[in-house]
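This is what each chain is made of:
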Amino acid sequence: MKWRSLIAEQKESGQSVAAFCRAREVSESLFYYWKKRLREGASSQFVEVQVAKSQLKPKHFRTALGSSIEVRLRNGRSLMVPPEFEVSHLRALLAVVECES
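A few points on the structure. It should be emphasised that the depicted structure is a prediction, and the values quoted were computed from it without experimental measurement. In this numbering scheme, every chain counts its residues from 1 along its sequence in written order. Only residues with pLDDT of at least 70 get local features here, since the model is predicted, and only at 80 or more are side-chain atom pairs given and counted; chain-wide, interface and lining totals rely on the full set of residues. Note that water and hydrogens are dropped before the side-chain values are worked out from all heavy atoms of the structure.

## As for the environment of Ser16
Secondary structure elements follow DSSP: runs of H or I no shorter than four residues count as helices, runs of E no shorter than two count as strands, and numbering proceeds from the N terminus. By the element assignment, Ser16 lies in the loop between helix H1 (2–13) and helix H2 (17–24). We call a residue buried when its accessible area falls under 20% of the maximum for its residue type, exposed when it is over 50%, and partly exposed in between, using a 1.4 Å probe and counting protein chains only. Classification of Ser16 as partly exposed rests on a relative accessible area of 42%. Under the rule applied, a polar contact is a pair of N or O atoms within 3.5 Å (in protein, one hydrogen donor and one hydrogen acceptor; residues adjacent in sequence only if both atoms are side-chain atoms). A polar contact is formed between the side chain of Ser16 and the backbone nitrogen of Ala19, at a distance of 3.1 Å.

Listed below in structure tokens is the structure:
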């Protein structure tokens, strides 16, 4: 990936980000954006999941299959999403919500 190699190259160069970006005609703000995004992506590959014991009685189980999934955030808030919610959309939503906290 272009940004991953540019970030590694800057680190090895010993140049400041400003000087490195100027020399390569790269936007400094984009450089920092991708550096943060790639760092966050590397640290959030796995998310701890705790499965709560269902309090539904067996006869109500079928109705629960279409129910929402609760995603608890670090700040104590929760997101409720349906099981068919697109994974890529959930990742994008989590990135925005977690940055706000």
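## Re the pattern of salt bridges
Any two side chains of opposite charge can pair, so long as their charged atoms come close to each other. Think of a salt bridge as a Lys or Arg side-chain nitrogen and an Asp or Glu carboxyl oxygen that are within 4 Å of each other. Applying the stated rule across the entire model yields 1 salt bridge. Between Arg24 and Glu9 there is a salt bridge, with the nearest N and O atoms lying 3.0 Å from each other. Highlighted residues: Arg24 in helix H2 and Glu9 in helix H1, separated in sequence by 15 residues.

## Observations regarding H2
Taken together, the buried positions of H2 are Val17, Phe20 and Cys21. All buried residues of H2 fall inside an arc of 95 degrees around its axis, so they share one side. Facing away from the buried side of H2 by more than 90 degrees, the exposed set consists of Arg22 and Ala23. Phi for Glu25, located one or two positions after H2, is positive at around 55 degrees. Our arc is simply the arc of the directions from the helix axis toward the C-beta atoms.

## A word on unusual backbone geometry
A positive phi angle, close to 55 degrees, is found at Glu25, a residue other than glycine. With respect to the secondary-structure elements, Glu25 resides in the loop between H2 and helix H3 (28–43).

Geometric values such as these leave the question of function open.
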